[in-house]
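Okay, here's what each chain looks like letter by letter:
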Amino acid sequence: MIRRSVLLGTGSALPAKSVSNAELAERVDTSDAWIRERTGIANRYIAGEGETTSTLGTQAARAALEAAGVDAQAVDLIILATATPDQTFPASATKVQAALGINDCVAFDVAAVCSGFLYAVSVADSMIRSGAANTALVIGSETFSRILDWEDRTTCVLFGDGAGAIVLGAEESESGERGILATKLHADGRHNQLLYVDGGPSTTGTVGKLRMKGQEVFRHAVTNLASVLREVLDMASMNADRIDWVVPHQANARILDATARKLGLAPEKVIVTVDRHANTSAASVPLALDVAVRDGRIKAGDVVIMEAMGGGFTWGACLLRV
Ligand code: UT7
């Protein structure tokens with residue numbers, strides 16, 4: 001028998017307030033045309049008072065549990081990926097746990113910025129396959145608007161807030177056909193200064209603001225993403241033509257196009273939400289996944305590949321059959 005982590009349900013949550021490029025251009029020296037042309041972004045959601053990483057994460061988790069038909073009390077593992085936790089500690093995962101009324105389970109945060117959800121999925125999958133967990137909530141949730149420098153037009157137009165979540169359950173079968181087939185993670189800490197936050201508890205004692213050398217990140221992103229996608233396909237002995245859907249990190253429509261082209265994947269197979277959500281860091285992959293599951297594109301039996309790259313640098317991919 002093969003024990004695998006299978007996808008039981010997805011959910012997502014967005015702040016109440018949406019902000020268009022035109023609205024942003026009223027307070028930042030930018031234009032709708034520049035943002036659309038260079039990034040594909042038209043809109044983003046910005047958290048308001050009372051909306052935090054844990055409240056958005058809890059909402060997404062509730063939606064995923066409902067879609068999965070799983071009672072919160074069955075959850076024995078919560079991993080929340082974020083770079084914008086409610087507090088430096090405790091982990092935002094424990095706030096979600098408390099909000100869901102779960103009194104005892106494993107709960108922790110993962111910090112791998114935009115790749116955080118892929119890191120969290122990979123850890124949850126390892127724990128499920130080893131028998132350390134049976135039912136996992138894996139969440140990506142961010143309030144990046146709170147670490148943006150709103151005077152820096154080269155970064156503040158690119159990001160948005162939101163959350164996505166999935167429920168993974170253990171399943172044993174003869175074929176092991178369904179579930180997570182392969183995951184691969186990478187990090188290369190030499191690139192810290194290309195994408196980072198200029199503060200932290202142990203350095204400045206402040207939260208800090210996001211800084212990015214966009215062009216260099218762009219260049220690394222296309223190369224690293226194409227290569228990690230090939231790695232997970234090789235691990236599962238699968239050809240790229242078997243992929244039904246690509247659910248990529250939503251940083252820039254041009255990165256999505258360039259990565260798909262490198263792998264010879266048809267653009268119609270790529271789930272794109274960067275136009276409406278902008279870059280929501282660790283939330284972007286599960287948010288896009290939930291959109292495509294709920295609108296009926298991603299169905300049972302489909303082969304889905306997810307990928308992300310972010311600060312660190314960190315990057316990773318996950319191949320699963322729904
Ligand atoms: O999630 C983690 C991963 N992050 C990414 O993958 C982001 C990767 N990078 C990118 O997506 C792109 O590099 C950006 C969207 C950040 C920038 O696009 P670009 O085509 O690389 O533009 P650029 O940085 O070369 O800037 C071109 C011009 C500059 O003006 P000059 O020097 O040519 O006169 C900028 O000052 O565009 C100017 N510019 C803007 N103009 C209007 C930069 N930001 C803006 C803006 N509005 N918001």
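One can find the structure itself at the top, above this paragraph.
Keep in mind that this is a model prediction, so the values were computed, not measured.

### Some words on the site of the ligand
If you check the shell around the ligand, you find 23 residues, and the closest are T30, R38, Q215, N252 and N279. Between the ligand and the protein, one listed contact pairs a nitrogen atom with a side-chain N or O atom of T30 at 2.7 Å. Residue H249 places a side-chain N or O atom 2.9 Å away from an oxygen atom belonging to the ligand. For the ligand, whose unbound accessible area comes to 960 Å², protein coverage reaches 74%. Classifying every residue of the shell around the ligand gives eleven nonpolar, eight polar and four charged. In terms of domain composition, the shell around the ligand takes at least three residues from each of domain 1 (2–173) and domain 2 (179–321).

### What to know about the side chain of H277
Here H277 shows up in helix α9 (residues 274–277). For H277, a relative accessible area of 4% puts it in the buried group. Filtering out sequence-adjacent residues up to four positions away, H277 remains in contact with L14, N43, R44, Y45, G160, L287 and V291.

### Structural notes on the sheet that holds strand β13 (residues 314–321)
Within the open sheet, the four strands sit side by side as β8-β13-β12-β11. Their pairing is mixed. Each edge of the sheet is formed by a strand with only one pairing partner; in this case those strands are β8 (179–187) and β11 (245–248). Neighbouring strand axes in the sheet, compared pairwise and without regard to direction, differ in orientation by 10° on average. Note that strand β12 (residues 303–310) and β13 share eight bridges and pair antiparallel. When the sheet's bridge partners are listed, M306 is paired in β13 with C318. Against the sheet, helix α5 (residues 116–130) contacts β8, β12 and β13, and its axis sits at roughly 125° relative to β8.

### Focus on the sheet that holds strand β6 (residues 135–143)
One key point about sheets: their strands pair by backbone hydrogen bonds, in either a parallel or an antiparallel sense. Taken in spatial order, the five strands of this open sheet run β1-β7-β6-β4-β5, and their pairing is mixed. Edge positions in the sheet fall to β1 (2–13) and β5 (106–110), since each of these pairs with one other strand and no more. Neighbouring strand axes in the sheet, compared pairwise and without regard to direction, differ in orientation by 20° on average. Direction of pairing for strand β4 (residues 77–81) relative to β6: parallel, over a ladder of five bridges. Counted as the bridge partner of I78 is L137 from β6. Packing of helix α10 (residues 284–294) onto the sheet brings it into contact with β1, β6 and β7 (161–173), and relative to β1 it is tilted by some 90°.

Scoring rules and cut-offs
Residues numbered from 1 in each chain as written. Predicted model: local features only at pLDDT ≥ 70, side-chain atom pairs only at ≥ 80, totals over all residues. Heavy atoms only, no water. Near = heavy atom within 4 Å. Polar contact = N/O pair within 3.5 Å; in protein donor to acceptor, adjacent residues only side chain to side chain. Areas by Shrake-Rupley, 256 points an atom, 1.4 Å probe, with all protein chains shown as cover. Nonpolar A, V, L, I, M, F, W, Y, C, P; charged D, E, K, R; others polar. Domains from an automatic or database assignment. Helix = DSSP H or I, 4+ residues; strand = E, 2+ residues; numbered from the N terminus. Buried < 20%, exposed > 50% of the residue type's maximum accessible area, 1.4 Å probe, protein only. Contact = heavy atoms within 4.5 Å. Pairing = 2+ DSSP bridges. Axes fitted to C-alpha atoms, helices over the stretch in contact; angles between N-to-C directions.

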